[in-house]
Amino acid sequence: MKTFHVWFSTKHRAGALEGEVGESVKMLLKTVAKRTGISIVEMELAVDHVHLLLSLTEEQRLAGAMHQLKGASARSIFLSYPELRLDLGSNSF
């Protein structure tokens, strides 16, 4: 097993992870991780970024894990909260 501390921010460090959106992001990241076999050891959200402590098997690659986690969660968040596209001024979360 390999362990990584990673963090990523919202587009332009916008404060988009407050309240209901932040809770949805947490739930989505946990769901995607479970579905793809990624182990989230710890997770912390701030209003403009996410910290994850991930544990990956030798076969898993960090780039692939991050692609799965960020891609699936961003797509779901934009479907659930379409107004965020306008708030962020972008199609990227």
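Residues numbered from 1 in each chain as written. Predicted model: local features only at pLDDT ≥ 70, side-chain atom pairs only at ≥ 80, totals over all residues. Heavy atoms only, no water.

Chemist: What am I meant to see in the pairing of strand E3 (residues 49-56) here?
Modeler: Two faces make up the sheet, and in a regular strand the side chains alternate between them. Burial analysis of E3 places 6 of its 8 residues in the buried class, the great majority of the element. Judged from the 8 bridges that link them, strand E1 (residues 2-9) and E3 form a sheet pairing that is antiparallel. Paired with Ser9 across the bridge in E3 is His49. One ladder, built from 6 bridges, connects strand E2 (residues 39-45) with E3; its direction is antiparallel. Among the inter-strand pairings, Ser39 is bridged to a residue of E3, identified as Ser55. (Buried < 20%, exposed > 50% of the residue type's maximum accessible area, 1.4 Å probe, protein only. Helix = DSSP H or I, 4+ residues; strand = E, 2+ residues; numbered from the N terminus. Pairing = 2+ DSSP bridges.)

Chemist: I would appreciate a short explanation of the nonpolar core in the present structure.
Modeler: Here is a general trend for soluble globular proteins: nonpolar side chains tend to be buried in one another's company. One finds Leu52 and Leu69 to be the most contacted residues of the largest nonpolar core, which totals 24 residues. Going through the elements one at a time, E1, helix H1 (19-36), E2, E3 and helix H2 (62-80) are the ones with two or more residues in this core. Looking at this core element by element, the count peaks at 6 residues for H1. The residues touching Leu52, leaving out its near neighbours within four places in the chain, are Phe4, His5, Val6, Phe8, Leu29, Ile40, Glu42, Met43 and Leu69. (Core = buried A, V, L, I, M, F, W, Y, C linked by side-chain atoms within 4.5 Å. Contact = heavy atoms within 4.5 Å.)

Chemist: Would you explain the confidence of the model for the protein chain in this entry?
Modeler: Confidence in the prediction for the protein chain averages 90 pLDDT; 90% of positions are at 70 or higher. Of all secondary-structure elements in the protein chain, the lowest mean pLDDT belongs to helix H3 (residues 83-88), at 68, while E2 reaches the highest, 98. (pLDDT = per-residue confidence, 0-100.)

Chemist: I'm lost on H1 in this one. Help?
Modeler: At 3.6 residues per turn, the α-helix brings residues three or four places apart onto the same side. Helix length check: H1 (18 residues) gives 26 Å between terminal C-alpha atoms against 26 Å at 1.5 Å per residue, within 8%. Within H1 the residues assigned to the buried category are Val21, Gly22, Ser24, Val25, Leu28, Leu29, Val32 and Ala33. For H1, the angular spread of buried residues about the axis comes to 165 degrees, placing them on one side. Looking at H1, the residues exposed on the side facing more than 90 degrees away from the buried face are Gly19, Glu20, Met27, Lys30 and Lys34. Immediately beyond the C-terminal end of H1, within one or two residues, lies Gly37, with a positive phi of roughly 80 degrees. (Expected span 1.5 Å × (residues − 1). Arc of directions from axis to C-beta.)

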